[in-house]
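Architecture at a glance
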Amino acid sequence: MKISPLIFVCVTGAVLANTAICAPLSRKDNALKIDQPDDFSPQRVSDNKRFLLRADGTPFFYLADTAWSLFHRLDFDESDHYLCDRAAKGFTVIQAVVLAEHGGLTVPNRNGDLPLENNDPTRPNEKYFAHVDRIVNRAQELGLVIGMLPTWGAYWNPKWDKGPAIFTPENARLWGEFLGKRYKDKPIIWIVGGDRPIENETHKAIIENMAAGLKTGDGNRHLITYHPNGGQSSVAFVGKEAWLDFNMLQSGHERDRDNYNMIARDYNFAPTKPCVDGEPGYEDHPNKFNKDNGYLDENDVRKSAYWALCAGACGHTYGCHDIWQFLNTDHLPPVSSARTPWREALQLPGAAQMQWARKLIESRPVLERVPDQSLIVGENKNDGSYLSATRSQSGDYAFIYSPLGNAFTVDLTKLSGAKWSASWFDPRTGNLTKSEDFLRENQKQFTPPTKGIGHDWILILDKSE
């Protein structure tokens, strides 16, 4: 029996029912705005140190898109088109870099402006920042938070890139103060780092001073995290620092990467902080950076999302290989075998499907959610078939994710109450299929509606009382 999907309130304010995809927003004379309170962005961490909260104490679901080159490679109308699309698809955060990689210091933006004079962080170009301001303001109108990276990491640790390294501990603090003051009243999350490791005391001082400058400049109004290099987490570099509000990892661009293990490690790290995968495998990205291995698709990005959420993440980051670089060969060559023009890539299926992950998590009491792999009975292979589970602390509900639609057995002794209902949630469409009502026993086997690659399902267990 089919029943309507759970009602989902999109950021447009429209209530969706019996539909799988938000209709794209449109703009007329830049007048479209979203009726949001001024403090819709996350302001603090929950008391249990697991989730992000708005000023009014309601949970903030971190659903981000990686738009690293947004400020650098798009003009304002293109930026508006992109932001409207992501707002319509239920995203809450846009991760973008002020000093972008791949020519961010030397190739002018679409208006012909460079961000700095003579690559000097103490001499920002006002024309460049007027463009950044317009994009940040437009995101605010659409109810989107900018996850703002002050700089890509190549400009303080060139590592495998040309750089140049323009930051010192002294100018890093001034750069942070400049950005903090400029955007103190905007919906911002600060993301320092930028795909690089901290490898020496100078690197550490640069990051610490930049973070201190941001917090001084904005009056400590915004949360801050650290974006590390591939396969790493902020816990390895700054996890114990008081200025770090939540942890971020980069699981990287590999099919069936076990980000559930990485999230579990961060979840159990002390001191306790919320955690999120800030860069999992991108949709339409060559597997392991080699196009001969094939390209990651919507099945891969769904796995990353549900694995991370069941493991305890406070949200998730989607990414598309063509979107982060805004692929347009009329302006710049493709990076790492990117193949789809960015406007076409906006409609790749994985992006629209992310809203259903948000819908599912927000459909139950968010602040009670805990990971619990002990719900799953028997062998659970550490591969693409990996089953993952989460439940409420009180045992009133549970979600179990089966990425290949394989049957599994659940230990029901962790759940409370005698009468239960079981439903199947389709992460491709957001549809909910009623399965059965049952009396709780010690163990019970469940079989998803379909099976195979691309046939992932989430079992929803709810206490009937």
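Predicted, not measured: the structure shown is a model, and the values here were computed from it.

Points about the side chain of Lys273
Mapped onto the secondary structure, Lys273 falls in the loop between α6 (259-267) and β15 (275-277). One buried charged side chain, Lys273, makes no salt bridge at all; its nearest oppositely charged neighbour is Asp245, positioned 7.0 Å away. Engagement of the side chain of Lys273 in a polar contact is seen with the backbone oxygen of Gly239, the distance being 3.2 Å. For Lys273, the side chain forms a polar contact with the main-chain oxygen of Leu244, separated by 2.7 Å. With sequence-adjacent residues up to four places away left out, Lys273 is seen in contact with Lys49, Arg50, Gly239, Lys240, Glu241, Leu244, Asp245, Phe246 and Asn247.

Quick look at the sheet that holds strand β12 (residues 188-193)
Pairing within the open sheet is parallel, and its 6 strands lie in the order β13-β12-β11-β8-β7-β16. Every interior strand has two partners, whereas the edge strands, β13 (224-227) and β16 (315-318), have only one. Taken pair by pair, the neighbouring strands of this sheet meet at an average axis angle of 30°, ignoring direction. Pairing of strand β7 (residues 62-66) with strand β8 (residues 93-97), which is carried by 3 bridges, proceeds in the parallel orientation. Bridge assignment links Ala64 to a residue of β8, and that residue is Val93. Sheet contacts for helix α10 (residues 349-362): β7 and β16; angle to β16, the most-contacted strand, approximately 175°.

Focus: the side chain of Asn157
In this structure, Asn157 sits in the loop between β11 (145-149) and α4 (169-182). For Asn157, a relative accessible area of 5% puts it in the buried group. If we skip the residues at most four places from it in the chain, Asn157 touches Arg196, Pro197, Glu199 and His203.

Topic: α4
The terminal C-alpha atoms of α4 lie 20 Å apart, and with 14 residues this matches the ideal 20 Å at 1.5 Å per residue to within 8%. Listing the buried residues of α4 in full gives Pro169, Asn171, Ala172, Trp175, Gly176, Leu179 and Gly180. As for α4, its buried residues are in contact with β9 (116-117), β10 (120-124), α3 (126-141), β12 and α5 (201-217).

So, the sheet that holds strand β18 (residues 376-377)
Read from one edge of the open sheet, 3 strands run β18-β21-β24, paired in antiparallel fashion. If you trace the sheet from one side to the other, it starts and ends with β18 and β24 (443-446), each paired once.

Structural notes on the environment of Ala236
Take Ala236: it is sitting in the loop between β13 and β14 (247-249). Between the C-alpha atoms of Ala236 and Ile198, which are 38 residues apart in sequence, the distance is 9.1 Å.

What to know about the environment of Lys240
Inspection of the secondary structure assignment puts Lys240 in the loop between β13 and β14. Residue class for Lys240 comes out exposed when judged on its relative accessible area of 61%. Separated by 153 residues in sequence, Lys240 and Ala87 place their C-alpha atoms 34 Å apart. In contact with Lys240, not counting residues within four places along its chain, are Phe269, Ala270, Pro271 and Lys273.

As for the pairing of β13
Burial along β13 is two-sided: the face carrying Ile224 and Tyr226 and the face carrying Thr225 and His227 are both buried. Note that β12 and β13 share 4 bridges and pair parallel. Directly across from Gly193, in β13, lies its bridge partner His227. Handedness of the crossover is the feature at issue here: the chain leaves β12, passes through α5, returns alongside β13, and the resulting connection is right-handed.

Re α3
Compared with an ideal rise of 1.5 Å per residue, which puts 16 residues at 22 Å, α3 spans 22 Å between its outermost C-alpha atoms and is within 8% of the ideal. Listing the buried residues of α3 in full gives Tyr128, Phe129, His131, Val132, Asp133, Ile135, Val136, Arg138, Ala139 and Glu141. The inward-facing, buried residues of α3 contact α1 (70-73), α2 (76-88), β10, β11, α4 and β12. Where α3 begins, one side-chain oxygen reaches toward the backbone nitrogen of Lys127, 3.0 Å away; that side chain belongs to Asn125. Looking one or two places after α3, you find Gly143, whose phi comes out positive at around 75°.

Remarks on the pairing of β24
Only one face of β24 is buried, namely the one carrying Lys444 and Phe446, since none of Gln443 and Gln445 on the opposite face is buried. Summarising the sheet, strand β21 (residues 408-411) and β24 pair through 4 bridges and their orientation is antiparallel. Its bridge partner being in β24, Asp411 is matched across the sheet by Gln443.

Procedures and definitions
- Residues numbered from 1 in each chain as written.
- Predicted model: local features only at pLDDT ≥ 70, side-chain atom pairs only at ≥ 80, totals over all residues.
- Heavy atoms only, no water.
- Helix = DSSP H or I, 4+ residues; strand = E, 2+ residues; numbered from the N terminus.
- Buried < 20%, exposed > 50% of the residue type's maximum accessible area, 1.4 Å probe, protein only.
- Lys, Arg positive; Asp, Glu negative; His and termini not counted.
- Salt bridge = Lys/Arg side-chain N within 4 Å of Asp/Glu carboxyl O.
- Polar contact = N/O pair within 3.5 Å; in protein donor to acceptor, adjacent residues only side chain to side chain.
- Contact = heavy atoms within 4.5 Å.
- Pairing = 2+ DSSP bridges.
- Axes fitted to C-alpha atoms, helices over the stretch in contact; angles between N-to-C directions.
- Expected span 1.5 Å × (residues − 1).
- Right-handed = clockwise from strand over helix to strand, strands pointing away.

In short, geometric facts, not functional conclusions.
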